[in-house]
Amino acid sequence: MVIKYWIVLYLVLSLTTGEQIKQFRRKFSDNIIFGAGTSAYQIEGAWNKDGKTESVWDRLSHTKPCVIHNCHTGDIAADSYNNYERDVQMMKEMGLDFYRFSISWSRILPTNSPDDINKAGVSYYNKLINEMLKYNITPMVTIHHFDVPLQLEALGGWVNPKMVDWFVNYARVVYELFGDRVKTWFTINEPREYCTQMSEIVNKSGVNDYLCARHMLLGHAKAYYVYQNEFKAKYGGKVGIVLNSLWYEPESEKDAEAAEDKLQFELGQYAHPIFSKTGDWPSVLKDRIAAKSAAQGFSESRLPEFTPEEVELIKGSSDFFGLNHYTSALVYRNNSVKGFYPSPSYEDDIGVITYQPETWEKTIATWLKVTPWGFYKLLNKIREDYGNPPLYVTENGCPTGPGLFDTQRVFFYKKYLNAMLDSIDEGSDVRVYTAWSLMDNFEWFMGYHDKFGLYEVDFNSPTRTRTPRASVFYYKKVIKTRRV
Ligand code: PNW
């Protein structure tokens, strides 16, 4: 009797604290959809099969001495080229609303001519898409996710202005091939990551990275209008870009401007031209790079200009704001970043130092600390700066080491989804949430060391066996109940 009384009292008390009530009632509205993502080079394997030619990542992963952790390559990866049925089965097991994957450019156009389409490549993506549609899983497709065809890179890749048309021709081919079934298109994944971080590919210098940015923005915008003009009436789909950004928190009050500058160089460089009312580069980029260039003795700014026509073309060229987000960093001003970074360089132009305090929750990836509050602030900032665009979270996730009991990942999703709900409560128009990643995959320079998968992949088994981690059961429940 007494025990019963205590149990009832405990339940009443625990349910009536404000926080508990909030948690209890928290529910995603029915128009938010949940999925998971991957990209071609990270999972497909079959790097030289059935007519596919090399991409920069095939070449980079075969370079000696190795530039990738433990000399790992994506030659076989998760072998999704042969495992697509199992991949779709996993989507079904979790009850995903959609799956975001990317198309390998050099698998579809091995000679880079839009007239020379590789039938075997087309057949792979057709099989994958059709298998998904059987189970009502919506395909969302990234046209270009880091894997530039090697031949095009040899001609300068995204630093060459001709890349704009090469990309647009490729985009038209995939709209034509798959547009009857694919209604959500992401033109380019994380342009800034490619232009400034993948320095082994784009020789970064405070010159090439800005040329790369300019051409990616133009390539994206032109591919957007190819869809509007040639496919929209027939297929009625949506096209947008995927940008990535950390949240930058000022180290102290006096660093507010430094943190804002950092965010403008990182996110604003691409978001401002597309999503702001005025278009064009953010003014802080124009001002800082012009001043630095003059001081360095250049006769003009290293930041290339857009013509007024180009500003108009790029402005508004996205049906939604695609955002990849993982972590945050603290920022302070340091105008002479010498010793840290070369000059000229992108980092030198920004003139700030960023770091993550030791006290923040660590993960296996050195760059990724668990900071859900930063996700909340970033979503709010996008809502405020860009007129509350429809927001698609196109990547969010947590890396772990091997093993199926990934409690850190479960709590990561729980915390970040709560942070997302906080921002939605304040008016953010979030419509899509994508967990990164459906399965373990080739994590770029970290090879197979950092594991982002909901499903574990056994890279030692010939069939690349997939096994659900604990987070699969958590995510499945979130999708089913629409509650965190
Ligand atoms: C993204 N950072 O890259 C990519 O789109 C994925 O292909 C990748 O697997 C995933 O995130 C996890 O890394 C990023 O340093 C790489 O902030 C690095 C950062 C962000 C995104």
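One can find the structure itself at the top, above this paragraph.
Parameters at a glance
Residues numbered from 1 in each chain as written. Predicted model: local features only at pLDDT ≥ 70, side-chain atom pairs only at ≥ 80, totals over all residues. Heavy atoms only, no water. Disulfide = S-S within 2.5 Å. Helix = DSSP H or I, 4+ residues; strand = E, 2+ residues; numbered from the N terminus. Buried < 20%, exposed > 50% of the residue type's maximum accessible area, 1.4 Å probe, protein only. Phe/Tyr/Trp six-rings, centres within 6.5 Å; stacked < 30°, edge-to-face > 60°. Salt bridge = Lys/Arg side-chain N within 4 Å of Asp/Glu carboxyl O. Contact = heavy atoms within 4.5 Å. Near = heavy atom within 4 Å. Polar contact = N/O pair within 3.5 Å; in protein donor to acceptor, adjacent residues only side chain to side chain. Nonpolar A, V, L, I, M, F, W, Y, C, P; charged D, E, K, R; others polar.

Participant: Just checking my understanding: could you explain the state of the cysteines for this structure?
Facilitator: Simply put, the disulfide is a covalent bond whose two ends are the sulfur atoms of two cysteines. Using the criterion set out here, one finds two disulfides in the structure. Cys66 shares a disulfide with Cys71; S-S distance 2.0 Å. Between Cys66 and Cys71, the S-S dihedral sits near 100°, and the bridge is therefore right-handed. Put simply, Cys195 and Cys212 are joined by a disulfide, and their sulfur atoms are 2.0 Å apart. Given an S-S torsion of about -75°, the disulfide between Cys195 and Cys212 has left-handed geometry. Of this pair, Cys195 sits in helix H10 (residues 191-197) while Cys212 sits in helix H11 (residues 208-230), and the two are 17 residues apart along the sequence. Assessed through its relative accessible area of 0%, Cys195 is described here as buried.

Participant: Could you clarify how one ought to interpret the packing of aromatic side chains in this entry?
Facilitator: Think of a pair of aromatic rings as described by two things: how far the centres are apart, and how the planes are tilted against each other in angle. Overall, the coordinates contain 47 aromatic pairs when judged by the stated rule. A centroid spacing of 6.3 Å and a plane angle of 15° characterise the contact between Phe231 and Tyr235, whose relative ring orientation is stacked. Measuring from ring centre to ring centre gives 5.5 Å for Trp360 and Trp373, while their planes differ by 80°; the resulting arrangement is edge-to-face. Of this pair, Trp360 sits in the loop between strand S9 (352-355) and helix H17 (372-385) while Trp373 sits in helix H17, and the two are 13 residues apart along the sequence. A residue is classified by how much of its surface remains accessible, and Trp360, at 15% relative accessible area, is buried. The class for Trp373 is partly exposed, based on a relative accessible area of 32%. By the ring-pair criterion, three or more aromatic residues cluster together here, those being Tyr41, Trp57, Phe146, Tyr194, Phe442, Trp444, Phe445, Tyr448 and Phe459.

Participant: I tried to follow the pattern of salt bridges on my own but got confused; where do I start?
Facilitator: Counted according to the given criterion, the structure contains 33 salt bridges. Its salt-bridge partner being Lys52, residue Asp58 comes within 2.8 Å of it at the nearest N-O pair.

Participant: Sorry, what's going on with the side chain of Thr184 here?
Facilitator: Note on placement: Thr184 falls in strand S4 (residues 184-189). Taking the relative accessible area as the measure of exposure, Thr184 reaches 10% and is therefore buried. Once you skip the residues sitting within four places of it in the chain, Thr184 turns out to touch Pro139, Met140, Val141, Lys238, Phe320 and Tyr392.

Participant: Looking at this model, I keep getting lost on the site of the ligand. Mind explaining?
Facilitator: Among the 15 residues in the neighbourhood of the ligand, the closest are listed as Gln42, His145, Glu395, Glu443 and Trp444. Separating an oxygen atom of the ligand from a side-chain N or O atom of Glu395 is a distance of 2.8 Å. Contacts to the ligand include Glu443, whose side-chain N or O atom sits 2.5 Å from an oxygen atom. For the shell around the ligand, a count of residues per class yields six nonpolar, five polar and four charged.

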